[in-house]
Amino acid sequence: MENFDPPDAPAGTVSNVPEFSVSELSFALKREIETAFPRVRVRGEISQPSFPRSGHCYFRLKDENAVIDGVAWKGTIPRLGIKIEEGLEVIATGKLTTYAGSSRYQIIVDRLELAGEGALLKLLEDRRKKLQAEGLFDLDRKRALPFLPEVIGVVTSPSGAVIRDILHRLADRFPCHVLVWPVAVQGEKAAAEVAAAIAGFNRLTPGGVVPRPDVLIVARGGGSLEDLWAFNEEIVVRAAAASEIPLISAVGHETDTTLIDFASDRRAPTPSAAAEMAVPVRADLVTETLDYAKRLTGGMTRLLRESTMELVGLARGLGDPRRLIEERQQRLDVGGERHKLATDQLLGRLGRELSAARLIKPELVIAGKDNELRAQDKALTRAMDRFKSDTLQKITRHSDRLDQLGERLKRHGSDLLKNGQRQVDQAAKLLESYSFHSVLNRGFALVRDQDGQPVLAAAGTSTGQTISIEFADGRVGARVTDGAGGTLKLAPSPAPRRRDGGSGNQGSLL
């Protein structure tokens, strides 16, 4: 039983109560508390977190009635797995101790857990608002996906079913080159590995030894909110927003939503749907290309036919240049004859007038008539020269014009025919490249029944049925000997027939 002095003990009385220094009392309390509470778990709300230059973190854990100080040392913070933030409700695990410098007790935290899904959702919403305020989710940051990527980069676990689903769907739709960057998709290291994979794909050099992907897929299967939490971390969201390569997020199932979905260029409800977004259907493209080729051939045929008709119409409207020249020559000959006839008539009339006027001053009459005749002859000569000159100039000008139009018409018709023939040849080559004959040239064969229809499966045959097998260089006959899917026995057949009816393996174009 301890001795103590009563409160009303007279002054100067010697006390038997032990005497402690402040340090001794503080260390005694420290030992008692650490012994009584070697390891505890405390639930509360983080308040007033601070991060001094030392790298440690000091904060408070509080509830509606009390507050306790908390400390997370610098080396422990990276292992906590949760970023210490104001208002976050957590369960802190550690040992209880005191701080003698301020006579306070505190908990040294070495593990933090979020206190329930409500806390996770609150943290998720606060983080979403923060990143949205920075503009990481803006629509103008979204990039269009390439129509036909040659290389696709996939960030996911290499051992899960996700990568197999993606590869299977890509193989069905449009086979292409796939690069897989293996990462952990759950746990403490998942966020850092996913962010490093996205940044690593972006650092690849186009045309290098390892090709740079044209589109990225970040994928993971479904799970709880805690399982998908790595894709809500800031480091992953910022890496997705900073990616120069278009990125598709396919995390969880259709109802799951993570922050990377807001930062990515496209969100897919499932990993298989992400593969469908990345590439089109090859069969649809082939069908569409063949349709375009058919339309191109028809359009070129119509263009050539219409151009030919237009050329014939223009040629008919111009007329025959030789006939136009002959008409001008005939007009010139008629004019010359009329000029000669007019001259003879004039000379005859003047001669008769001279004969009638010989008795009256014949020298004056002759001189006057002679001058008048000379003047008229000069006028007729000048008029004839002008007529000839004008007529020849017009004939020459029209002839040159007709020659130019004829040459232009010939050149235009020749160029039009050459361009049309070249485009038809190109369309024919394109059609030939998509025909099934090109497939036969690669070593495949086409099986047909007696009616010439393709046999698509072994179930479509029957025992004793005669079929034909078409190779690249001809056909052979065969007979089914063992029912649907049974063995085949070659039947006697004539020498292989070529599809083109001649030598070589070039098929018919049309």
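Residues numbered from 1 in each chain as written. Predicted model: local features only at pLDDT ≥ 70, side-chain atom pairs only at ≥ 80, totals over all residues. Heavy atoms only, no water.

**Brief notes about a nonpolar patch on the surface**
The test is simple: In this analysis, a patch consists of residues with relative accessible area above 30% that form no salt bridge, clustered at 9 Å for like charges and at 5 Å for the nonpolar side chains Val, Leu, Ile, Met, Phe, Trp and Tyr. Surface accessibility in these figures is a Shrake-Rupley result with a 1.4 Å probe; residues are shielded only by whichever protein chains are displayed. We count a salt bridge whenever a side-chain nitrogen from Lys or Arg sits within 4 Å of a carboxyl oxygen from Asp or Glu. Put simply, DSSP marks the helices as runs of H or I at least four residues long and the strands as runs of E at least two long, and each gets a number from the N terminus on.
Side chains of Phe20, Leu25 and Leu29 sit close together on the surface and give an oily, nonpolar patch of about 310 Å² of accessible area. Structurally, Leu29 is set in helix 1 (residues 22-36).

**A few points about the packing of aromatic side chains**
As a reminder of what qualifies: To pair, rings of Phe, Tyr and Trp, with the six-membered ring standing in for Trp, must have centres within 6.5 Å; the planes then decide the type, stacked if under 30 degrees apart, edge-to-face if over 60, and tilted in the middle.
If you walk through the whole model with that rule in mind, you get two aromatic pairs. Note on Phe137 and Phe262: the rings are 5.4 Å apart at their centroids and 35° apart in plane angle, and the pair reads as tilted. Residue Phe137 is found in the loop between helix 3 (117-133) and strand 6 (151-156), and its partner Phe262 is found in helix 7 (residues 259-263); the two are separated by 125 residues along the sequence.

**Considerations on the nonpolar core**
Condition: Nonpolar cores were defined as sets of buried Ala, Val, Leu, Ile, Met, Phe, Trp, Tyr and Cys residues, with membership established by side-chain atoms within 4.5 Å. Relative accessibility decides the category of a residue: with a 1.4 Å probe and only protein chains considered, values under 20% of the type maximum give buried, values over 50% give exposed, and everything between is partly exposed. What makes two residues a contact is simply this: any of their non-hydrogen atoms within 4.5 Å.
Phe59, Leu61, Ile84, Leu112, Val194, Ile198 and Val218 are the most contacted members of the largest nonpolar core, which has 54 residues in total. Here this core gets seven residues from one element, more than from any other, and that element is helix 5 (residues 190-203). With sequence-adjacent residues up to four places away left out, Phe59 is seen in contact with Ile46, Ser47, Gln48, Pro49, Ile68, Asp69, Gly70, Val71, Ala72, Ile84 and Val109. Counting residues in hydrophobic clusters, the runner-up holds 20 residues, among them Ile163, Phe174, Ile248 and Leu285.

**Concerning the confidence of the model for the protein**
Basically, it comes down to this: pLDDT measures how confident the predictor is about each residue, on a scale from 0 to 100.
Per-chain confidence: the protein averages 80 in pLDDT, with 85% of residues scoring 70 or above. Here residues 493-510 is a poorly scored stretch, pLDDT under 50, and it has 28 contacts once near neighbours within four places are set aside; other chains count.

**Things to note about the sheet that holds strand 3 (residues 67-72)**
Keep this limit in mind: Paired strands are those between which DSSP finds at least two bridges. Axis lines are fitted through C-alpha atoms, for helices just across the contact stretch, and the angle between N-to-C directions can take any value from 0 to 180 degrees.
Read around the barrel, five strands follow the order 1-2-3-5-4 and close on themselves; strand pairing throughout is mixed. Strand-to-strand twist across the sheet, computed as the mean angle between neighbouring axes with direction ignored, equals 55°. Looking at chain direction, strand 1 (residues 40-50) and strand 4 (residues 89-99) are connected through six bridges and run antiparallel. If you follow Arg43 over to strand 4, its bridge partner there is Ile91. This element, helix 1, spans strand 4 and strand 5 (104-114) of the sheet and lies at about 140° to strand 4.

**Some thoughts on the side chain of Ser243**
Within the element layout of this structure, Ser243 appears in the loop between helix 6 (234-242) and strand 9 (247-251). Apart from the residues lying within four places of it in its own chain, the contact partners of Ser243 are Arg143, Ile198, Asn202 and Leu216.

**What to know about the layout of surface pockets**
Rules: Here a cavity is any set of points on a 1 Å grid over the protein atoms alone where a 1.4 Å probe fits but cannot get out, and a pocket is any open set with protein on both sides within 12 Å along at least 5 of 7 lines; a residue lines the site when it has an atom within 4 Å of a point. Grid points are joined across faces, edges and corners, and a volume is the space filled by probe spheres set on the points. Amino acids outside the nonpolar list (Ala, Val, Leu, Ile, Met, Phe, Trp, Tyr, Cys, Pro) and the charged list (Asp, Glu, Lys, Arg) are all regarded as polar, and Gly is one of them.
Approximately 210 Å³ is the volume found for the second largest pocket. Around the second largest pocket, the lining comprises ten residues; the ones closest to its centre are Pro321, Leu402, Gly406, Glu407 and Lys410. Of all the elements in the fold, those that place two or more residues in the lining of the second largest pocket are helix 9 (282-318) and helix 11 (362-433). Looking at which element gives the most residues to the lining of the second largest pocket, the answer is helix 11, with six residues. Counted by class, the lining of the second largest pocket contains five nonpolar, two polar and three charged residues.

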